[in-house]
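Below are the chains, spelled out letter by letter.
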Amino acid sequence: MWSALLVTVALAGLPGPHDDDPVDRTQLRLRTASAPRCKAPLTHPVQVRDTPHLHRANPGRSWGTPWLVELIEAAARQVRYRHPDADPLFVGDLSHKWGGPMYGHRQHRDGRDADIGLYSADRRQPEHGFERVWPSQLDEETTWALLDALLSSGRIKAILLDQGLINRLVTWLRETETLSEAEIAEIFPRPGAPRLWERSGIVRGARNHADHLHVQVTCTQPES
Ligand SMILES: [Zn+2]
């Protein structure tokens, strides 16, 4: 008993960046080592789990690569760590268990895409299905907490969102000085910027994305 206590005290006393928080919940703690191959079928599917931080819409359409699924679960957990009063994240379609075409989507075929709910005022998420969020209704702080968690993983290829909502979010990031102009320019390239498809870690404007975020993770090109 005493020895266990002494070890605990000794560990807590170790120098480090998080002395006051021995369990560092500000980190995503991702384990999957490498991105899936581009254009590869979904051969090792994992399913998004319902957790206290996350509510999945449809278990049969909640399959993806580990690279994507653990990121969604970790990002949902981190948003709730930062904002305990936020609703659980509402997670819509990923892919079918073994991938392939999914009705209603052009992508979502290989476990690299996910549709995720937006936070409206007071950190609310939809409960049963996506709901349109007008720019004036967007909860910028919580939405940014989610985007920041996703982007900081280094796994994001692109996140698609309605341009009006992006504009609202960027105004908030500027006003609160959360990001510098250089960071804003890097993460939110202007519409029509050249060679956007070559870039990673960006948030892009897209039609039909006023009620959800479309998240796509990176992949590795097969060696030629
Ligand atoms: Zn989508």
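The paragraphs below set out a description of the structure included in this document. (Residues numbered from 1 in each chain as written. Predicted model: local features only at pLDDT ≥ 70, side-chain atom pairs only at ≥ 80, totals over all residues.)

**Describing the overall build of the protein**
The following threshold applies: Secondary structure elements are defined from DSSP: runs of H or I of at least 4 residues count as helices, runs of E of at least 2 residues count as strands, and each element is numbered from the N terminus. Field definition: a residue is buried when 20 or more other C-beta atoms are found within 10 Å of its C-beta, exposed when 12 or fewer are, and partly exposed for counts in between, with C-beta atoms placed from the backbone. A pair of residues counts as a contact when their C-beta atoms, built from backbone coordinates, are within 7 Å of each other.
Along the protein, the regular secondary structure elements total 5 helices and 8 strands. Walking the protein from its N terminus toward its C terminus, one meets helices and strands in the order α-β-β-β-α-β-β-α-β-α-α-β-β. Here the protein holds 224 residues, and 35% of them are scored as buried. Long-range pairs, those at least 24 residues apart, make up 69% of the contacts in the protein between residues at least 6 apart in sequence.

**Considering the nonpolar core**
Rule in force here: Here a nonpolar core is just a set of buried residues of the types Ala, Val, Leu, Ile, Met, Phe, Trp, Tyr and Cys, joined wherever their C-beta atoms sit within 7 Å.
Ranked by internal contacts, the top residues of the largest apolar core, which has 44 residues, are Ile 72, Leu 150 and Ile 159. Those elements that provide at least two residues to this core are helix 2 (66-82), strand 4 (89-91), strand 5 (113-117), helix 3 (140-152), strand 6 (156-161), helix 4 (163-175) and strand 8 (212-217). The greatest single-element share of this core, amounting to 8 residues, is contributed by helix 2. Filtering out sequence-adjacent residues up to four positions away, Leu 150 remains in contact with Leu 71, Ala 75, Ile 156, Ile 159 and Val 215.

**Digging into helix 2**
Rules: Each residue after the first adds 1.5 Å to the expected span of a helix.
Given a rise of 1.5 Å per residue, 17 residues ought to cover 24 Å, and the 24 Å separating the end C-alpha atoms of helix 2 matches this to within 8%. Burial of helix 2 is extensive: 12 of the 17 residues sit out of reach of the surface. Among the residues making up helix 2, those that are buried are Trp 67, Leu 68, Val 69, Glu 70, Leu 71, Ile 72, Glu 73, Ala 75, Ala 76, Gln 78, Val 79 and Arg 80.

**Some points on the packing of helix 2 against helix 3**
Spelled out, the test is: Axis angles are defined between N-to-C directions and span 0 to 180 degrees, where every axis is a line fitted to C-alpha atoms and, for a helix, only to the segment in contact. When describing relative orientation, an angle under 35 degrees is termed roughly parallel and one over 145 degrees roughly antiparallel, while 65 to 115 degrees is termed roughly perpendicular and anything else oblique. The handedness criterion is simple: a crossing whose near helix is rotated anticlockwise from the far helix by less than a right angle is left-handed, and one whose near helix is rotated clockwise is right-handed. Only Asp, Glu, Lys and Arg are considered charged, only Ala, Val, Leu, Ile, Met, Phe, Trp, Tyr, Cys and Pro nonpolar, and every remaining residue, Gly among them, polar.
The N-to-C vectors of helix 2 and helix 3 enclose an angle of 140 degrees; their axes lie 9 Å apart at closest approach. It follows from the interaxial angle that helix 2 and helix 3 lie oblique. In this structure, the crossing between helix 2 and helix 3 has a hand that is right-handed. The residues of helix 3 that touch helix 2, namely those facing Leu 71, Ala 75, Gln 78, Val 79 and Arg 82, are Thr 142, Ala 145, Leu 146, Ala 149 and Leu 150. Taken together, the residues of the contact of helix 2 with helix 3 break down into 7 nonpolar, 2 polar and 1 charged.

**Here's the deal with helix 3**
The end-to-end C-alpha distance of helix 3 is 17 Å, a good match for the 18 Å that 13 residues give at a rise of 1.5 Å each. Every buried residue of helix 3 is accounted for by Glu 140, Thr 142, Thr 143, Trp 144, Ala 145, Leu 146, Leu 147, Ala 149 and Leu 150. Taken together, the buried residues of helix 3 touch helix 2, strand 6, helix 4, strand 7 (202-205) and strand 8. At the exit of helix 3 stands Gly 154, carrying a positive phi of roughly 75 degrees.

**Focus on the pairing of strand 6**
Basically, it comes down to this: Paired strands are those between which DSSP finds at least two bridges.
Taking burial as the measure, the 6 residues of strand 6 include 5 buried ones, the bulk of the element. Relative to strand 8, strand 6 runs antiparallel, the two sharing 4 bridges. When the sheet's bridge partners are listed, Leu 160 is paired in strand 8 with His 214. Where strand 6 lies against strand 7, 4 bridges are found, and the strand directions are parallel. By the bridge assignment, Ala 158 is partnered in strand 7 with Ile 202.

**Considerations on the environment of Ile 187**
Tracing the sequence through the fold places Ile 187 in helix 5 (residues 181-187). You can call Ile 187 partly exposed: it has 19 C-beta atoms within 10 Å. Once the C-alpha coordinates of Ile 187 and Ala 158 are considered, the two residues, 29 residues apart in sequence, prove to be 9.5 Å apart. Setting aside residues no more than four positions away along its own chain, Ile 187 makes contact with Leu 151, Gly 201, Ile 202 and Val 203.

**Observations concerning the environment of Ala 149**
On the secondary structure map, Ala 149 appears in helix 3. What makes Ala 149 buried here is the crowd of 21 C-beta atoms within 10 Å. In this structure the C-alpha to C-alpha distance between Ala 149 and Ala 75, which are 74 residues apart in sequence, comes to 5.3 Å. Leave out the neighbours within four places in its chain, and Ala 149 touches Leu 28, Ala 75, Gln 78 and Val 79.

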